[in-house]
Each structure stands twice: as structure tokens, then as C-alpha cells.
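What follows is each chain in one-letter form.
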Amino acid sequence: VVIFGWRGVLWDNLEVEFQAILDVFHAYGVPVPDRDTYRKGRGADFAEFCYMNGLPRYVTRERITEIRKRAAIVHSEFLNLHYGAREILAMCLNRGLKTAIISKELTEIIENRLRQFDLAGLVNLVRGGAGRSTAPRGAVDKKEVLPWMLQFFGAEPAEAIFVEDTSDGLAAAK
């Protein structure tokens, strides 16, 4: 079983997310962290990254989310699959490996993107809404979802690979 993260692993959203950082910080006149700081420090909680890098806490999570969603629309030309993502998924299928995607992103959005890029047949299971238990909107913790995915496939942890790009996600796999 190969379990992939979505955003940042298969889905290249770094530039759009960084554009959202620029938009959020510029909206409040706060110095913007550089791209490398964002790349290294980002995790499952976008708003917390903003707060930890100087955005005042009076800016609500809801307002940050509004700006972030607008950035995803305005800068959507930067959204695409990571180079090689299709080939890796196809290789897994050809070798008889089951694949899954786990993400804080909503399942419906992931499934729409998989259809858009003609990848739906390469992924056996998608579980969105899997962030930290403290995440807004009651997202499910990846620590809970990963064992459930293994059980779904009838696999032991030693029979699985988890490909993830955030420290939060990697901590959930331990």
C-alpha cells in the first residue's frame, strides 16, 4: 500500500500557497516571510504559520481563509500536478500496489482534480478532511485515518509506504 499526501506531494500548490501568504501579509502591512521560510515551515495549519511569522492574532482564521481561497482562484494558473505524479501512480498500479490519498483538502475537491487530470483510475481510496484534530471545521486527525486506511486495505504498517511533505503528516505516521 502506498499512501500519498495530496497538497505538496502529488498536487503542486506551493506557488499558489505562497501567493496566498503574500496576499495575507500585504493586506495587513506585515513583512512577508520569504519563499524558503514558507516552504520549510509550512504545515497543516496555514493560519498558524501566518501567526508564527508575524501576522497579528486579531486577524481571524476565517479572514485568512477568505484571502487564501481568493488567492487560489486568482493564481490558479500555478496549480498543477507535480512532475512525475501520474507516472508514479501508474507504476504503483502496474506493480499491483494499492494507492490512497490522505489530505486536509476536502475529498470532493481531490476527486474532482483526479477526474480533471484523468487519474481517478489510478487511486483506490481518497480520504480528505484529515488535518490535525485542532484544525478548523473538526477535521479528522491523520493519526486516526492512517490506521483506518491500513485496515481498509488489510495491510500491516510494515507493508505500507507513506509519502508526505509536512512535519505534521510525518508525525502522524509514527
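Whatever comes next refers back to the structure up there.
Conventions and cut-offs
Residues numbered from 1 in each chain as written. Predicted model: local features only at pLDDT ≥ 70, side-chain atom pairs only at ≥ 80, totals over all residues. Heavy atoms only, no water. Buried < 20%, exposed > 50% of the residue type's maximum accessible area, 1.4 Å probe, protein only. Helix = DSSP H or I, 4+ residues; strand = E, 2+ residues; numbered from the N terminus. Pairing = 2+ DSSP bridges. Axes fitted to C-alpha atoms, helices over the stretch in contact; angles between N-to-C directions. Contact = heavy atoms within 4.5 Å. Expected span 1.5 Å × (residues − 1). Parallel < 35°, antiparallel > 145°, perpendicular 65-115°, else oblique. Left-handed = near helix turned anticlockwise from the far one by under 90°. Nonpolar A, V, L, I, M, F, W, Y, C, P; charged D, E, K, R; others polar.

**Section: the pairing of strand 1 (residues 2-5)**
Here strand 1 shows a buried face lined by Val-2 and Phe-4 and a second buried face lined by Ile-3 and Gly-5. Bridging between strand 1 and strand 4 (residues 99-102) involves four bridges; their strand directions are parallel. Paired with Val-2 across the two strands is Thr-99, which belongs to strand 4. When strand 1 meets strand 8 (residues 161-163), the two strands line up parallel, connected through three bridges. What sits directly across from Ile-3, in strand 8, is Phe-162.

**Here's the deal with the sheet that holds strand 8**
With respect to topology, four strands assemble into an open sheet ordered 5-4-1-8, the strand pairing being parallel. This sheet does not close on itself; its edge strands, each paired only once, are strand 5 (125-127) and strand 8. The average undirected angle you get between the axes of adjacent strands in this sheet is 20 degrees. Its contacts with the sheet place helix 5 (residues 85-94) against strand 1 and strand 4, and it is angled at close to 165 degrees to strand 1.

**Here we look at helix 4 (residues 61-74)**
For helix 4, with 14 residues, the first-to-last C-alpha span of 20 Å sits near the 20 Å given by 1.5 Å per residue. Next to the buried residues of helix 4 lie helix 1 (14-27) and helix 3 (46-52).

**Considering the environment of Leu-119**
Within the element layout of this structure, Leu-119 appears in the loop between helix 6 (107-116) and strand 5. Leu-119 sits ten residues away from Ile-109 along the chain, and the two C-alpha atoms are 13 Å apart. When sequence neighbours within four positions are dropped, the list of residues in contact with Leu-119 reads Leu-81, Arg-86, Leu-89 and Leu-114.

**Brief notes about the packing of helix 1 against helix 4**
Contact pair helix 1 / helix 4: the axes reach a minimum separation of 9 Å and the direction vectors enclose 135 degrees. Taken together, the axis directions place helix 1 and helix 4 in an arrangement best described as oblique. Where helix 1 crosses over helix 4, the handedness of that crossing is right-handed. Of helix 4, the residues touching helix 1 (which contributes Val-16, Glu-17, Ala-20, Asp-23, Val-24 and Ala-27) are Ile-64, Ile-67, Arg-68, Ala-71 and Ala-72. By residue class, the composition of the contact of helix 1 with helix 4 is eight nonpolar, no polar and three charged.

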